[in-house]
Number of protein chains: 4
Amino acid sequence: MDLRVRFAETDQMGVAHHAAYVVWLEAARVEWLRDLGLSYRALEDQGVSLAVTGLEVRYRAALRFDDRVRVEVRLEEARSRRVRFAYRLVRVDDGVRCAEATSVHVPTDRAGAATRLPAAWLEAIRPQVTATA
Amino acid sequence: MDLRVRFAETDQMGVAHHAAYVVWLEAARVEWLRDLGLSYRALEDQGVSLAVTGLEVRYRAALRFDDRVRVEVRLEEARSRRVRFAYRLVRVDDGVRCAEATSVHVPTDRAGAATRLPAAWLEAIRPQVTATA
Amino acid sequence: MDLRVRFAETDQMGVAHHAAYVVWLEAARVEWLRDLGLSYRALEDQGVSLAVTGLEVRYRAALRFDDRVRVEVRLEEARSRRVRFAYRLVRVDDGVRCAEATSVHVPTDRAGAATRLPAAWLEAIRPQVTATA
Amino acid sequence: MDLRVRFAETDQMGVAHHAAYVVWLEAARVEWLRDLGLSYRALEDQGVSLAVTGLEVRYRAALRFDDRVRVEVRLEEARSRRVRFAYRLVRVDDGVRCAEATSVHVPTDRAGAATRLPAAWLEAIRPQVTATA
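In this text, all values refer to a predicted model and were calculated from it rather than measured experimentally. (Residues numbered from 1 in each chain as written. Chains lettered and ligands numbered in written order. Predicted model: local features only at pLDDT ≥ 70, side-chain atom pairs only at ≥ 80, totals over all residues. Heavy atoms only, no water.)

**Observations regarding the overall build of chain A**
Secondary structure summary: chain A contains three helices and five strands in total. If you list the helices and strands of chain A from N to C, you get β-α-α-β-β-β-β-α. In summary, chain A has a C-alpha radius of gyration of 15 Å against a globular reference of 14 Å for 133 residues, a match within 12%. The principal-axis extent of the C-alpha atoms belonging to chain A is close to 45 × 30 × 25 Å. Counting every position in chain A, which comprises 133 residues, the buried fraction comes to 60%. Within the structure as shown, chain A displays about 5500 Å² of accessible surface, and the carbon and sulfur contribution to it stands at 48%. Counting 21 positive and 19 negative side-chain charges, chain A places the averaged centre of each group 4 Å from the other. (Helix = DSSP H or I, 4+ residues; strand = E, 2+ residues; numbered from the N terminus. Rg over C-alpha atoms; globule rule 2.2 N^0.38 Å. Buried < 20%, exposed > 50% of the residue type's maximum accessible area, 1.4 Å probe, protein only. Areas by Shrake-Rupley, 256 points an atom, 1.4 Å probe, with all protein chains shown as cover. Lys, Arg positive; Asp, Glu negative; His and termini not counted. Charge placed at Lys NZ, Arg CZ, Asp CG, Glu CD.)

Right under this line is the structure:
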């Protein structure tokens, strides 16, 4: 997924604020699922969320306002009760790798309790799992 | 309500981003209600929200990271189907008025349809209405 | 400019939070300028910002997570010391007009003092001014 | 540092969005430094930033709108070219530990290049280093 750094996402250091990356990871996850034919909105409408339980980001190079960023998504683990994604953020114009990240998710129901990922989702994403880079 | 400008709320102009003010108005509204003994969280738990239908902000002086800001709240209108607040943002350290704002709200139910403000709320807030400054 | 409502932009009412719209207006402004061949990033790099001095939003219909939103931008006023934009937010899938907005801007220098819009910018945007709808 | 979960920080799952925690960590860091007599704003004004190069968050229990959150800050490492903080987020009303986090920082100059932490800062924070919990 490609996006542009928004002005509102910059801070007074003149670069994208580190919390903005976390929002981009999520947006890229949603697009990655859509590319597989899976609607995260539909999952939420069924009452299942992929709650984030862990997050790691390594920031390597700053991104500036209006930079185009490619967020590459990779699925590292897909179980009915735990899913893990890995990400690479690349600045489109020069190919510089700006950040890497992982996020761990637990399927939860409307009450926030752990639940199982619907079988159809698990079947759809499991073949996408790739070994850690 | 007093708050500090967070670093994440700044932008590359070196000042608080104009969208951050909108979040502060909301936080100040919640505190203003709490001071009256009204919990906005409890209202939401009952299924009633004060959906924002109109917003106006006039920005007069920039706020910087770590500035202390006082958000003064005033109720301008309180009807069962429409509530309007006015705000003044003052920088605490020098008393400079940095912004003014108004917000208009319509009580809505969980489905997002217009509803009436609970009678107890209306009774509690109505005496607070003051004429436009 | 078209965008998708991000999950992070929703709130517990299940719709896009009203402050997110303010960020979208800005992103759409930047794209509108880019379509004219004007880089807002380059303007900032020259030391000139279009500081927001006024903002009005009228919210008409809620937007949900993953909704596609078209932000239509129109220039209402273009003077060397004051620029005003108007906006319409339309949900792409059903054409519903979800919000309207205006923003007023004053060119400022790095110190935040009012300045003049560079002549090249004024010439480029002035022919785009359209009467209030 | 104590704060309240803002409405704008919730998402449609009805809890605080995971990116909001990252903003809270930063706010708590700034207060922790202030308690030591160090102004992060003054450091920035001198041209030195504590750029975030690494971030880890483990989310344990959800936080809701209006919950009071205590962010406990601990310094784990303080060198002239690298600083690491650890955090615990505790819900004030019931003492539940809701999240833990660490952040790694590199002092950078205005151009974003790595630099040394001013000696006065290093002397002030070094005695605060505590072993990993």
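Let's pick the thread back up.
**A short note on empty space enclosed by the protein**
For the coordinates displayed, the defined rule picks out one cavity of 30 Å³ or more. In this structure, the largest cavity spans a volume of roughly 890 Å³. Taken together, 32 residues form the lining of the largest cavity, with Val23 of chain A, Val23 of chain B, Val23 of chain C together with Ala8 and Val23 of chain D sitting closest to its centre. Listed by contribution, the elements that provide at least two residues to the lining of the largest cavity are helix H1 (18-35) of chain A, helix H1 (18-35) of chain B, helix H1 (18-35) of chain C together with helix H1 (18-35) of chain D. Its residues assigned to classes, the lining of the largest cavity comprises 16 nonpolar, eight polar and eight charged. (1 Å grid on protein atoms, 1.4 Å probe; cavity = no way out; pocket = protein on both sides within 12 Å on 5 of 7 lines; lining within 4 Å. Points joined across faces, edges and corners; volume = space filled by probe spheres on them. Nonpolar A, V, L, I, M, F, W, Y, C, P; charged D, E, K, R; others polar.)

**Brief notes about the sheet that holds strand E3 (residues 68-79) of chain D**
Overall, antiparallel pairing links the 10 strands, which are arranged E1(A)-E3(A)-E4(A)-E5(A)-E2(A)-E2(D)-E5(D)-E4(D)-E3(D)-E1(D) in an open sheet. On the outer flanks of this sheet lie strand E1 (2-4) of chain A together with strand E1 (2-4) of chain D, each paired with one strand and no other. When strand polarity is set aside, the average angle formed by the axes of neighbouring strands in this sheet is 25 degrees. Across five bridges, the pairing between strand E2 (residues 49-59) of chain A and strand E2 (residues 49-59) of chain D is antiparallel. Considered in E2 of chain D, the bridge of Glu56 of chain A is made with Glu56 of chain D. (Pairing = 2+ DSSP bridges. Axes fitted to C-alpha atoms, helices over the stretch in contact; angles between N-to-C directions.)

**Brief notes about the interface of chain A and chain D**
At the interface, 21 residues of chain A touch 21 residues of chain D. When the buried area of chain A at its contact with chain D is split by residue, Met13, His18 and Leu55 of chain A rank highest and sum to 29% of it. Across the chain A-chain D interface, the total number found is zero salt bridges. The tally of links between chain A and chain D comes to eight residue pairs in polar contact (both at pLDDT 80 or more). Looking at the side of chain A that touches chain D, the elements with two or more residues in it are H1 and E2 of chain A. For the side of chain A that touches chain D, the leading source of residues is E2 of chain A, giving 10 residues. Tallied by class, residues from the side of chain A that touches chain D come to nine nonpolar, seven polar and five charged. (Contact = heavy atoms within 4.5 Å. Buried area = accessible area lost by both parts, 1.4 Å probe. Salt bridge = Lys/Arg side-chain N within 4 Å of Asp/Glu carboxyl O. Polar contact = N/O pair within 3.5 Å; in protein donor to acceptor, adjacent residues only side chain to side chain.)

**Quick notes on the pattern of salt bridges**
Counted under the stated rule, the structure contains 80 salt bridges over all chains. Between Arg58 of chain B and Glu100 of chain B there is a salt bridge; the shortest N-O distance is 3.6 Å. You can see Arg58 of chain B sitting in strand E2 (residues 49-59) and its partner Glu100 of chain B sitting in strand E5 (residues 97-108), a full 42 residues away along the chain. With a shortest N-O distance of 2.9 Å, Asp93 of chain D and Arg68 of chain D are connected by a salt bridge. Of this pair, Asp93 of chain D sits in the loop between strand E4 (82-91) and strand E5 (97-108) while Arg68 of chain D is found in strand E3, placing the two residues 25 residues apart along the sequence. Residue classification places Asp93 of chain D among the exposed positions, given a relative accessible area of 60%. One network of salt bridges, in which partners are shared, links Arg74, Glu76, Glu77, Arg79, Arg82 and Arg84 of chain A.

**Observations regarding the layout of surface pockets**
Estimated volume of the second largest pocket: approximately 1000 Å³. Lining the second largest pocket are 43 residues, with Ser49 of chain B together with Asp11, Met13, Gly14 and Val15 of chain C sitting closest to its centre. Mapped by element, the contributors of at least two residues to the lining of the second largest pocket are H1, helix H2 (40-45), E2 and E5 of chain B together with H1 of chain C. Sorting elements by how many residues they give to the lining of the second largest pocket places E2 of chain B first, with five residues. Of the residues belonging to the lining of the second largest pocket, the class tally is 20 nonpolar, 12 polar and 11 charged.

**Quick notes on the environment of Arg79 of chain C**
All names here are of chain C. The topology assignment puts Arg79 in strand E3 (residues 68-79). C-alpha of Arg79 to C-alpha of Arg68: the two residues are 11 residues apart in sequence and 33 Å apart in space. Contact partners of Arg79, with chain neighbours within four places excluded, come to Leu122 and Arg126.

**Quick notes on the interface of chain A and chain C**
Frequently, the measure chosen for interface size is the accessible area that the parts lose on association. Each side of the interface is counted separately: chain A has 20 residues, and chain C has 20 residues. The three residues of chain A that bury the most area against chain C are Arg6, Phe7 and Arg41 of chain A, which together make up 34% of that side's buried surface. Inspection of the region where chain A meets chain C yields eight salt bridges. Residue Arg41 of chain A pairs with Asp67 of chain C through a salt bridge whose shortest N-O separation is 2.7 Å. Mapped by element, the contributors of at least two residues to the side of chain A that touches chain C are E1, H1 and helix H2 (40-45) of chain A.

**A word on the relation of the copies chain A and chain D**
Between chain A and chain D, which share one sequence, the superposing operator has a rotation angle of 180 degrees and an axial displacement of 0.0 Å; the RMSD is 0.0 Å. Such a combination of turn and shift is consistent with a two-fold rotation axis. Taking C-alpha positions as reference, the residue of chain A nearest the rotation axis is Glu56 of chain A, located at 2.2 Å. Of the residues that chain A buries at the interface, 100% are likewise interface residues in chain D, meaning the two copies contact each other through the same surface. (Least-squares fit on C-alpha atoms with pLDDT ≥ 70 in both.)

**A short note on the packing of H1 of chain A against H1 of chain D**
Viewed as axis vectors pointing N to C, H1 of chain A and H1 of chain D meet at an angle of 170 degrees, and their least axial separation amounts to 9 Å. With respect to H1 of chain D, the element H1 of chain A is oriented roughly antiparallel. Residue-level contacts link His18, Ala19, Val22, Val23, Glu26 and Arg29 of chain A of H1 of chain A to His18, Ala19, Val22, Val23, Glu26 and Arg29 of chain D of H1 of chain D. Considered class by class, the residues forming the contact of H1 of chain A with H1 of chain D number six nonpolar, two polar and four charged. (Parallel < 35°, antiparallel > 145°, perpendicular 65-115°, else oblique.)

**Focus: the sheet that holds E5 of chain B**
Pairing is antiparallel across the open sheet formed by 10 strands, whose spatial order is E1(B)-E3(B)-E4(B)-E5(B)-E2(B)-E2(C)-E5(C)-E4(C)-E3(C)-E1(C). The open sheet has two free edges, formed respectively by strand E1 (2-4) of chain B together with strand E1 (2-4) of chain C, since each of these has just one partner strand. Averaged over neighbouring strand pairs, the angle between their axes works out to 25 degrees when direction is ignored. Sheet analysis places E1 of chain C next to E3 of chain C, joined by three bridges and oriented antiparallel.

**With respect to the relation of the copies chain A and chain C**
Superposing chain A onto chain C takes a rotation of 180 degrees combined with a translation of 0.0 Å along the rotation axis, leaving an RMSD of 0.0 Å. Both copies share a contact surface, since 100% of the interface residues of chain A are interface residues in chain C too.

Without other data, these values stay purely geometric and don't point to any function.
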